[in-house]
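What the coordinates show
What follows is the residue order along each chain.
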Amino acid sequence: MKSITEKQILAIMPHAGTNAARYTPWMNRFAAEYGINTPMRWAHYLAQIAVESGELRYSEELASGDAYEGRKNLGNTQPGDGRRFKGRGLIQLTGRRNYRLYSDAVGYDFTRDPSQLSRPGNAVRSSMWFWNANGLNRLADLDNVVTITRRINGGFNGLARRKAYLERAKKALC
């Protein structure tokens, strides 16, 4: 399965509305680059971004980012880094360190203009880069939603919702 349709996204994320049409072409553009190319990989990816992005409604964290201030594990070492590098993209890439790693991977410096990660193409590509960089395709192949959730979220926030979206996604795609 190389691509996804707007109809499939809406079957998984019924509240995505017109955002499904906005994000579908970007997902299809970058999926092959990051190995999201089987029904199970798509199902897990879409289930996770459904929770992380509020069904494609948010590509920037609603919180201010103050909670990340001074978090050395995120690479936030300069004053203001918490707000500047708060979660963006469909998986909510967070912290100066992650922005730098992603910037190095794609050849554009998002640390200079972090808000660019909120734009649809960048929001999708950064989420797929994170997915691939953290070995989540292999875990999707194993149908391991718990470990995928921990790698994305750092814990198990929204695990029940992620499982529910995954079941929807499997019905729509598998």
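Look up a bit, the structure's there.
Figured I'd write up the structure that's included with this text. Not measured: the values here are computed from a predicted model.

With that settled, the discussion passes to the packing of aromatic side chains. One pass over the full model with this rule turns up 7 aromatic pairs. Between Phe 85 and Tyr 99, the ring centres sit 5.0 Å apart and the planes meet at 70°, which makes this aromatic pair edge-to-face. With Phe 85 in the loop between α4 (81-84) and α5 (96-106) and Tyr 99 in helix α5, this residue pair connects regions lying 14 residues apart in the sequence. The exposure class of Tyr 99 is buried, given its relative accessible area of 0%.

What follows concerns helix α2 (residues 19-30). With 12 residues, α2 ought to run about 16 Å at 1.5 Å a step, and its terminal C-alpha atoms sit 17 Å apart, in line with that. Considered for burial, the residues of α2 that qualify are Asn 19, Ala 20, Tyr 23, Thr 24, Met 27 and Phe 30. Seen along its axis, α2 keeps its buried residues to an arc of 145°; they face one direction. Where α2 is buried, its residues touch α1 (6-12), α3 (39-52) and α6 (120-133).

Mapped onto the fold, Ser 103 is located in helix α5. Under the relative-accessibility criterion, Ser 103 is labelled buried at 3%. A distance of 2.8 Å separates a polar atom in the side chain of Ser 103 from the backbone nitrogen of Phe 110. In contact with Ser 103, other than residues within four places in its own chain, are Tyr 108, Asp 109, Phe 110 and Thr 111.

About the criteria used
- Residues numbered from 1 in each chain as written.
- Predicted model: local features only at pLDDT ≥ 70, side-chain atom pairs only at ≥ 80, totals over all residues.
- Heavy atoms only, no water.
- Phe/Tyr/Trp six-rings, centres within 6.5 Å; stacked < 30°, edge-to-face > 60°.
- Helix = DSSP H or I, 4+ residues; strand = E, 2+ residues; numbered from the N terminus.
- Buried < 20%, exposed > 50% of the residue type's maximum accessible area, 1.4 Å probe, protein only.
- Expected span 1.5 Å × (residues − 1).
- Arc of directions from axis to C-beta.
- Contact = heavy atoms within 4.5 Å.
- Polar contact = N/O pair within 3.5 Å; in protein donor to acceptor, adjacent residues only side chain to side chain.

Geometry only, nothing functional implied.
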